[in-house]
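# Residue-level structural notes
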Amino acid sequence: MNKDQIKACGDELYKALTQRKTLKPLTERFDDISIEDAYHISLQMVERRVQAGAKIIGKKIGVTSKTVQNMLNVHQPDFGYLTHDMAYSQGEEMPISQKLIQPKAEGEIAFILKKDLIGPGITNADVLAATDCVIPCFEVVDSRIENWNIKIQDTVADNASCGLFVLGDKAVSPSKVDLSTCGMVVEKNGKIISTGAGAAALGSPVNCVTWLANTLGQFGISLKAGEVILSGSLVPLEPVTAGDFMSVSIGGIGNASVRFV
């Protein structure tokens, strides 16, 4: 793809975001779109958000578990940027009917960094040393691509299908919990709908953050102290609509909940 096409696609995705409309997959319209092209499209989309007043507060890795990869038919992780207007607090209502198009909720573990991580060459030990705390999280992903008909280039271009997220109200040191074996239970409207464990995300959420630091490092992008890093779902994606209530409990860490309106 050339620079004009990349800019046009980023602008088109930003327009779809703000107007809550979907687009035909980019991979059906551009035979030559690469993952690197998609990354630059995402940067253009995010830059439009920043120009409109959004502030970048973190980054995310997505499509980390085999379950989610199979659901979306995308068989490698993706990555994107988090902005301040995506974040909601525990107990706060999340207005998906006003802000999202085709939302799906997933339970995961968020990392809050106290030191920068600049790849390549980052190890799991580096990630743990740079992490201030971990927090239970619901990420509510969304896609500007029709019917979630995505390939890896589509979701990377679409800022890793970012939507909104909510952090729980309890944080713990990563040294206080085994992030590979910690169990997760997700409830929707009072019923258990899925269970998972830390190992579901590339063997450990720590592996996910390491992968993200090293992958973004190839583009000269660092993970920064103070940022929120969403490490990827440990359970299947769950479609949600206004009126639903969801909660997630993670062994050794705590809980998060969200009501959708």
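Note: the structure precedes this text.
To keep things clear, this report deals only with the structure shown in the data block. Keep in mind the model is a prediction, meaning the values are calculated, not measured.

Calculation rules
Along every chain, residues carry numbers that run from 1 in the direction the sequence is written. The predicted origin of the model limits local features to residues at a pLDDT of at least 70 and limits the giving and counting of side-chain atom pairs to 80 or more, whereas totals for whole chains, interfaces and linings rest on all residues. With hydrogens and water excluded, all non-hydrogen atoms of the structure serve as input to the side-chain values. Every helix listed is a DSSP run of H or I at least four residues long, and every strand listed is a run of E at least two residues long, numbered separately from the N terminus. Our radius of gyration is a C-alpha quantity, and the globule rule it is checked against amounts to 2.2 Å times the number of residues to the power 0.38. Burial here depends on accessible area, computed with a 1.4 Å probe over protein chains only, as a share of the maximum for the residue type. Under 20% is buried, over 50% is exposed, and the range in between is partly exposed. When checking whether two residues touch, look at their non-hydrogen atoms; a contact exists if any pair is within 4.5 Å. Where accessible areas are quoted, they stem from the Shrake-Rupley method and a 1.4 Å probe; at the residue level, only the protein chains shown are allowed to cover. A residue counts as positive if it is Lys or Arg and as negative if it is Asp or Glu; His and the chain ends are not included. Charge positions come from single atoms, namely NZ of Lys, CZ of Arg, CG of Asp or CD of Glu. Between any two strands, at least two bridges found by DSSP are needed for them to pair. Side-chain rings of Phe, Tyr and Trp (the six-membered ring for Trp) are treated as a pair once their centres are within 6.5 Å; stacked means planes under 30 degrees apart, edge-to-face means over 60, and tilted covers the remaining angles. A helix's residues, less one, multiplied by 1.5 Å, set its expected span. Throughout this description, a polar contact denotes any pair of N or O atoms lying within 3.5 Å of each other; where both atoms belong to protein, one of them has to be capable of donating a hydrogen while the other can accept it, and for residues adjacent in sequence the pair is counted only when both atoms sit in side chains. Here, the term nonpolar core denotes a set of buried Ala, Val, Leu, Ile, Met, Phe, Trp, Tyr and Cys residues that are joined through side-chain atoms within 4.5 Å. Think of each axis as a best-fit line through the C-alpha atoms, taken over the contacting stretch in the case of a helix, with angles from 0 to 180 degrees between the N-to-C directions. Throughout, the term roughly parallel applies to angles under 35 degrees, roughly antiparallel to angles over 145, roughly perpendicular to angles from 65 to 115, and oblique to all others. Should the near helix be turned counterclockwise from the far one by less than a right angle, the crossing is left-handed, whereas a clockwise turn marks it as right-handed. Polar here means any residue other than Ala, Val, Leu, Ile, Met, Phe, Trp, Tyr, Cys and Pro, which are nonpolar, and Asp, Glu, Lys and Arg, which are charged; Gly is therefore polar.

Moving on, we get to the overall build of the protein. Along its length, the protein carries eight helices and 13 strands. Computed over its C-alpha atoms, the radius of gyration of the protein comes to 17 Å, within 12% of the 18 Å expected for a compact globule of 261 residues. If you line up the protein on its principal axes, its C-alpha atoms span 50 × 45 × 35 Å. Out of the 261 residues belonging to the protein, those deemed buried represent 57%. Across the protein, the fraction of contacts at a sequence separation of at least 24, relative to all contacts at a separation of at least 6, is 77%. Carbon and sulfur atoms provide 48% of the accessible area of the protein, an area that totals close to 10600 Å². If the 25 positive side-chain charges of the protein are averaged to one point and the 29 negative ones to another, these points end up 3 Å apart.

Looking now at the sheet that holds strand 8 (residues 183-188). Pairing within the open sheet is mixed, and its five strands lie in the order 4-13-12-8-9. With partners counted over all chains shown, the strands left at the sheet margins are strand 4 (93-94) and strand 9 (191-197), one partner each. As paired strands, strand 8 and strand 12 (residues 245-250) are joined by five bridges and run antiparallel to one another. Bridging from a neighbouring strand, Lys188 pairs with Met246 of strand 12.

Next up on the list: the packing of aromatic side chains. According to the stated counting rule, one finds four aromatic pairs in the structure shown. Aromatic side chains Tyr39 and Phe79 sit 5.6 Å apart centroid to centroid with 55 degrees between the ring planes, which places their arrangement in the tilted category. Placement of the pair is Tyr39 in helix 3 (residues 35-51) and Phe79 in strand 2 (residues 78-83), with a sequence separation of 40 residues. Grouping residues by exposure puts Tyr39 and Phe79 together as buried.

Within the fold, Asp169 resides in the loop between strand 7 (164-167) and strand 8. We classify Asp169 as exposed; its relative accessible area is 63%. It is 7.7 Å that separates the C-alpha atoms of Asp169 and Ile135, two residues lying 34 residues apart in sequence. Beyond its immediate sequence surroundings of up to four residues, Asp169 is in contact with Gln90 and Asn255.

A few words on helix 1 (residues 3-19). The periodicity of an α-helix, 3.6 residues per turn, causes residues three or four places apart in sequence to face the same way. Between its first and last C-alpha, helix 1 extends 24 Å over 17 residues, near the 24 Å set by a 1.5 Å rise per residue. Those residues of helix 1 lying buried are Ile6, Cys9, Gly10, Asp11, Leu13, Tyr14, Ala16 and Leu17. Two or three places before Asp4, at the start of helix 1, stands the capping residue Asn2, its side-chain oxygen 3.1 Å from that residue's backbone nitrogen. Looking one or two residues beyond helix 1, the residue adopting positive phi is Arg20, at roughly 55 degrees.

The step from Gly119 to Pro120 runs through a cis peptide bond, and the omega angle for that step is 0 degrees. Relative to the assigned elements, Pro120 resides in the loop between strand 5 (104-113) and helix 6 (124-130). Of note in this structure, Ala160 is not a glycine but carries a positive phi near 55 degrees. Mapped onto the elements, Ala160 comes out in the loop between helix 7 (152-157) and strand 7. Judged by its relative accessible area of 2%, Ala160 falls in the buried class. Despite not being glycine, Ser161 has its phi angle at roughly 55 degrees, a positive value.

What follows covers the environment of Val206. Structurally, Val206 can be placed in helix 8 (residues 205-217). When its relative accessible area of 5% is taken as the criterion, Val206 is described as buried. When the C-alpha atoms of Val206 and Thr123 are compared, they prove to be 9.2 Å apart, with 83 residues separating the residues in sequence. If we skip the residues at most four places from it in the chain, Val206 touches Phe111, Asn124, Val127, Leu128 and Leu179.

Within the largest apolar cluster, 81 residues are counted, with the highest numbers of intra-cluster contacts made by Ile41, Met94, Ile109, Phe111, Leu117, Leu223 and Phe260. Top contributing element to this core by residue count: strand 6 (residues 131-141), with seven residues. Apart from the residues lying within four places of it in its own chain, the contact partners of Phe111 are Val127, Thr131, Cys133, Val134, Leu179, Pro205, Val206, Val209, Glu227, Val228, Ile229 and Ser231.

Looking now at the packing of helix 1 against helix 3. Axis separation between helix 1 and helix 3 bottoms out at 8 Å; the angle between their running directions is 50 degrees. Overall, the two elements helix 1 and helix 3 adopt an arrangement that is oblique. For the pair helix 1 and helix 3, the crossing hand works out as right-handed. Packed against helix 1, whose contacting residues are Ile6, Lys7, Cys9, Gly10, Asp11, Leu13, Tyr14 and Leu17, the element helix 3 presents Asp37, His40, Ile41, Gln44, Met45, Arg48 and Arg49 at the interface. Partitioning the contact of helix 1 with helix 3 into residue classes produces seven nonpolar, three polar and five charged.

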